[in-house]
Amino acid sequence: FFSSSFVLIVQYPDSSRPQFTNSPTMIVMVGLPARGKTYISKKLTRYLNWIGVPTQVFNLGQYRREAVKSYKNYEFFRPDNEEAMNIRRACALNALKDIANYFAKEQGQVAVFDATNTTRERRGVIISFAKEKGYKVFFIESICDDPEIIEANIMEVKVSSPDYENCDKEEALEDFLKRIECYKTTYVSLDDESDRHLSYIKIFNVGSRYLVNRVQDHIQSRIVYYLMNIHVTPRSIYLSRHGESELNLLGRIGGDSGLSSQGKKYASTLSEFIRDQAIKDLKVWTSHMKRTIQTAEALGVAYEQWKALNEIDAGVCEEMTYEEIQENYPEEFAMRDQDKYRYRYPKGESYEDLVHRLEPVIMELERQENVLVICHQAVMRCLLAYFLDKSADELPYLKCPLHTVLRLTPVAYGCKIEPFYLNIKAVNTHREKPVNVDVTRMPEEALRTVPEHF
Amino acid sequence: VLGDMSTEQTELTQTPLLKIWVPWAGGSTNQRRGSSRPQFTNSPTMIVMVGLPARGKTYISKKLTRYLNWIGVPTQVFNLGQYRREAVKSYKNYEFFRPDNEEAMNIRRACALNALKDIANYFAKEQGQVAVFDATNTTRERRGVIISFAKEKGYKVFFIESICDDPEIIEANIMEVKVSSPDYENCDKEEALEDFLKRIECYKTTYVSLDDESDRHLSYIKIFNVGSRYLVNRVQDHIQSRIVYYLMNIHVTPRSIYLSRHGESELNLLGRIGGDSGLSSQGKKYASTLSEFIRDQAIKDLKVWTSHMKRTIQTAEALGVAYEQWKALNEIDAGVCEEMTYEEIQENYPEEFAMRDQDKYRYRYPKGESYEDLVHRLEPVIMELERQENVLVICHQAVMRCLLAYFLDKSADELPYLKCPLHTVLRLTPVAYGCKIEPFYLNIKAVNTHREKPVNVDVTRMPEEALRTVPEHF
């Protein structure tokens, strides 16, 4: 009932959620070390979880570090090192066991097996395992020959790995390059002919070229589309809300009001801030609502309006204060506090709906380089959760105050976030989850966390 | 309202039809910095097909063009075969296509240049954004001519090469679309097939596929064996990315798509739009009749989709099979007009009502949506319909009009007036280059909910003129 969809007593799986696939899927990475496998694994996993597909990475390096407490040098990876080979094989089997457990016991839908998987033999083991269990398999192979890219990868994420805690950067680089050589001797790429029945994507040279073979279902199609849209060119994404609005001042949610005088001050200050940042080829996006457009107009540059960036639709509660919601819809108000992510306003939307409608925005943000997104509180929470890998439970309570720009810059495997408060006073619109979320609670308990307003 | 002049900011006003906020500077909207249409690309794009005859180039060209136009990217196909049929009124046989037939080669080259000229005109004078050049383009030389032309004009180029070696598929293609071509009007099928196969041989001698090495700077997708495999090189921008995604989701496996509205609802009976009411007693009858109809159709692995609204779900429940609910299939949001009759809309919002009649596709209800918004939100549904095989979609009037317009290639002007009556199932089956449509009226009486465009759409009109085309209701 939280999602206000018609729930009928049926035996069918939850039909109100999109059916991405009907079996668990193993995504199997393939490629020499320092080809971006872990980068892709983590990013893809973040994306899938955000769109609602429970996904987890199983990184073989971590299993190996568990089994072999201290790493000496590249010789561990020599193909003739039988003792090490046995340990590594055992790790792989443990990882597969954990994957089976993730699917069977933890409602996982996608498992990303992040390892080199560079031999036919190893891939054969995985394929047999999946076949026996009824899992689908999709391979992602990353192929790169550019020594500059390889070295840059190693410097960015390898030299700081636990394996090289006690080495300086030059030593680490040298050892890692020898490690790569160990794999090269036995590396067999996915083959056009003999692997033609497998489902896979080969990514060449960080995305200038892709080979896609036998996409089986919807989720694989979405994964391919995502992989083909991401890039590694350095850039920054700026997230901001509109300037303070007239309805913000009155503590009313939703609506389509214009900026207050403080809001207008923010708009011009934002304009100076953006100019000072001296950003190359900045794109500016707004929603279709007056307050974001007014904010963008002050920047004096071209901007693009996205209806998908509109604030969450509060349905019958549009333009109400929290006090009015408590008075008119006390049960709705309590249910929202019980599950703020899935709760849907009557004739309105839920955060979950918002994420769904923001997916094309995220996809285009991945394609773009420097972008400033001027949006709204709930929308910004959803976008931020994507970049910072926040769960559905955390997402609706992320702090996105007015008059603060968040600059997100990809770094290593994640995102660096820098907040810039532009020092223009504004009301607080953040309502924390109250202690008592029960429908039987007193009004004061519900309203205790409502921020001040006129 | 002059607002706070000290911050020197322009006030905004909302355009009456589209409900877009724009700066209000004495009525002039010339210097608008805000763009409310998605920016798919910043230059015109030429999609250039490559491949031997009977590899599906025209099929892909037409289908892709239909999709791009539906999502709002003005696109047109330029089919070289048509130019050639214009130039050479009557086709004799395959010898026209022999590579040593100099006279024919000159004609064919002239046709290609004419097509390129028309493409330039389409971009410059007709606001086209994408031109699909549907020809074999099998030589490096011909592709070089196209690339130079595009470079000189500032157009982007994206190649789509279709490669297929399976003789069964080739023959099936020839039988489906070639033997019935104007070229073979006076031949029987066997003769036509034989000649066409010889035609293909003429091209094979000079065919050079896009090359991994020497063409590595070009933007292209190679499609192998009707989509089991793709090679994608250097996607440049958003529209090319969407085109690749679309091409990777379409298939040619025979199947049917069934479109139906929910059974007649309580609000339908009262002539009220929108809302979330349940089925009337006639609507419930329809739901069980639909169930029998579906069973009689004996469809293999049928998927059933509904919206999140009570009336479509009630209809699906009667089928007794699993179904999937899509919020994207919800009816158009009529905003402040939700649950009103047309009479009430005329009384309360006469100007809105008139503007809607002036441009029903782009008109957005206050706090609601437009048909244009609907198409945008239905795009993932269309993409998934392309991936799927047999599907029954139980939806709503405006939604069904949008989906139907996609399958039948209807323009934005026709779309909002497509007839989608209650209690009628439309079966769509892909055939040749298009879609066969078969309506099944299940013989359960229902009210009519179709309002034709009135003669007078001016805001000054009398109420009777506005209400003349409102269908009857209680």
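Residues numbered from 1 in each chain as written. Chains lettered and ligands numbered in written order. Predicted model: local features only at pLDDT ≥ 70, side-chain atom pairs only at ≥ 80, totals over all residues. Heavy atoms only, no water.

## Looking at the UniProt feature "active site" (unreviewed entry) in chain B
All names here are of chain B.
Moving on, step 1. UniProt's feature table lists "active site" (unreviewed entry) at H262 and E331, given in the numbering used throughout. Spanning 70 residues, the named residues nonetheless gather at one spot, since no C-alpha pair among them exceeds 10.8 Å.
Moving on, step 2. Apart from residues lying up to four places away in sequence, H262 is in contact with N268, R311, T312, T315, I394, C395, H396 and L422.
Moving on, step 3. At a separation of 3.4 Å, a polar atom in the side chain of H262 contacts the side chain of R311.
Moving on, step 4. Looking at the secondary structure, you find E331 in the loop between strand 12 (324-325) and helix 11 (342-348).
Moving on, step 5. Setting aside residues up to four positions removed in sequence, E331 forms contacts with M309, R311, E369, R377, H396, Q397, A398 and V399. (UniProt positions renumbered as here; feature names shortened; annotations may be inferred. Contact = heavy atoms within 4.5 Å. Polar contact = N/O pair within 3.5 Å; in protein donor to acceptor, adjacent residues only side chain to side chain. Helix = DSSP H or I, 4+ residues; strand = E, 2+ residues; numbered from the N terminus.)

## Things to note about the pattern of salt bridges
All names here are of chain B.
Moving on, step 1. Using the criterion set out here, one finds 49 salt bridges over all chains in the structure.
Moving on, step 2. A salt bridge links D357 to R461, with the shortest nitrogen-to-oxygen separation between them at 2.8 Å. One end of the pair, D357, is in helix 12 (residues 350-358); the other, R461, is in the loop between strand 15 (434-441) and helix 15 (463-467), with 104 residues separating them in the sequence. You'll find D357 and R461 in the same group, each marked buried.
Moving on, step 3. Between E452 and K419 there is a salt bridge, with the nearest N and O atoms lying 3.2 Å from each other. Taken together, the residues span a long stretch of sequence, with E452 in the loop between strand 15 and helix 15 and K419 in the loop between helix 14 (397-408) and strand 14 (424-431) at a distance of 33 residues. (Salt bridge = Lys/Arg side-chain N within 4 Å of Asp/Glu carboxyl O. Buried < 20%, exposed > 50% of the residue type's maximum accessible area, 1.4 Å probe, protein only.)

## Examining the UniProt feature "binding site: substrate" (unreviewed entry) in chain A
All names here are of chain A.
Moving on, step 1. Annotation from UniProt places "binding site: substrate" (unreviewed entry) at R241, H242, G243, E244, S245, E246, L247, N248 and R291. A maximum C-alpha distance of 14.1 Å is found for the annotated residues, which run over 51 residues; spatially they form one tight group.
Moving on, step 2. Turning to its location among the elements, G243 is positioned in the loop between strand 7 (237-241) and helix 8 (246-249).
Moving on, step 3. Classification of G243 as buried rests on a relative accessible area of 0%.
Moving on, step 4. Among all residues touching G243, those that are not within four sequence positions of it are N248, L259, G263, Y266, T295, L402 and H403.
Moving on, step 5. Mapped onto the elements of the fold, R291 is located in helix 10 (residues 290-297).
Moving on, step 6. Sequence-distant contacts of R291, defined by excluding residues within four places in its chain, comprise H242, S245, G254, G255, D256, S257, L259, E311 and H376.
Moving on, step 7. Engagement of the side chain of R291 in a polar contact is seen with the side chain of H242, the distance being 3.3 Å.

## Digging into the packing of helix 13 (residues 371-387) of chain B against helix 14 of chain B
All names here are of chain B.
Moving on, step 1. Viewed as axis vectors pointing N to C, helix 13 and helix 14 meet at an angle of 60°, and their least axial separation amounts to 9 Å. The angle between helix 13 and helix 14 falls in the class oblique. With respect to the hand of their crossing, helix 13 and helix 14 are arranged in right-handed fashion. Where helix 13 abuts helix 14, its residues Y371, L374, V375, L378, V381, I382, L385 and E386 lie against A398, V399, R401, C402, L403, Y406 and F407.
Moving on, step 2. When grouped by side-chain class, the residues that make up the contact of helix 13 with helix 14 number 13 nonpolar, no polar and 2 charged. (Axes fitted to C-alpha atoms, helices over the stretch in contact; angles between N-to-C directions. Parallel < 35°, antiparallel > 145°, perpendicular 65-115°, else oblique. Left-handed = near helix turned anticlockwise from the far one by under 90°. Nonpolar A, V, L, I, M, F, W, Y, C, P; charged D, E, K, R; others polar.)

## Some thoughts on the interface of chain A and chain B
Moving on, step 1. With 56 residues of chain A at the contact, the number on the chain B side is 58 residues.
Moving on, step 2. Counting the contacts that link chain A with chain B gives 6 salt bridges.
Moving on, step 3. Across the pair R33 of chain B and E297 of chain A runs a salt bridge, and its minimum N-O distance is 3.0 Å.
Moving on, step 4. Linking chain A with chain B are 25 residue pairs in polar contact (both at pLDDT 80 or more).
Moving on, step 5. Going through the elements one at a time, strand 6 (209-213), helix 7 (218-229), helix 9 (261-277), helix 10, strand 9 (303-305) and helix 13 (351-367) of chain A are the ones with two or more residues in the side of chain A that touches chain B.
Moving on, step 6. The element contributing the most residues to the side of chain A that touches chain B is helix 7 of chain A, with 7 residues.

## Regarding a negative patch on the surface
Moving on, step 1. Residues D145, D146, E148, E151, D168, E170 and E171 of chain A make up a contiguous surface patch of negative charge.
Moving on, step 2. Listed by contribution, the elements that provide at least two residues to the negative patch are helix 5 (147-158) and helix 6 (169-184) of chain A. (Patch = residues over 30% accessible without salt bridge, like charges linked within 9 Å, V, L, I, M, F, W, Y side chains within 5 Å. Areas by Shrake-Rupley, 256 points an atom, 1.4 Å probe, with all protein chains shown as cover. Lys, Arg positive; Asp, Glu negative; His and termini not counted. Charge placed at Lys NZ, Arg CZ, Asp CG, Glu CD.)

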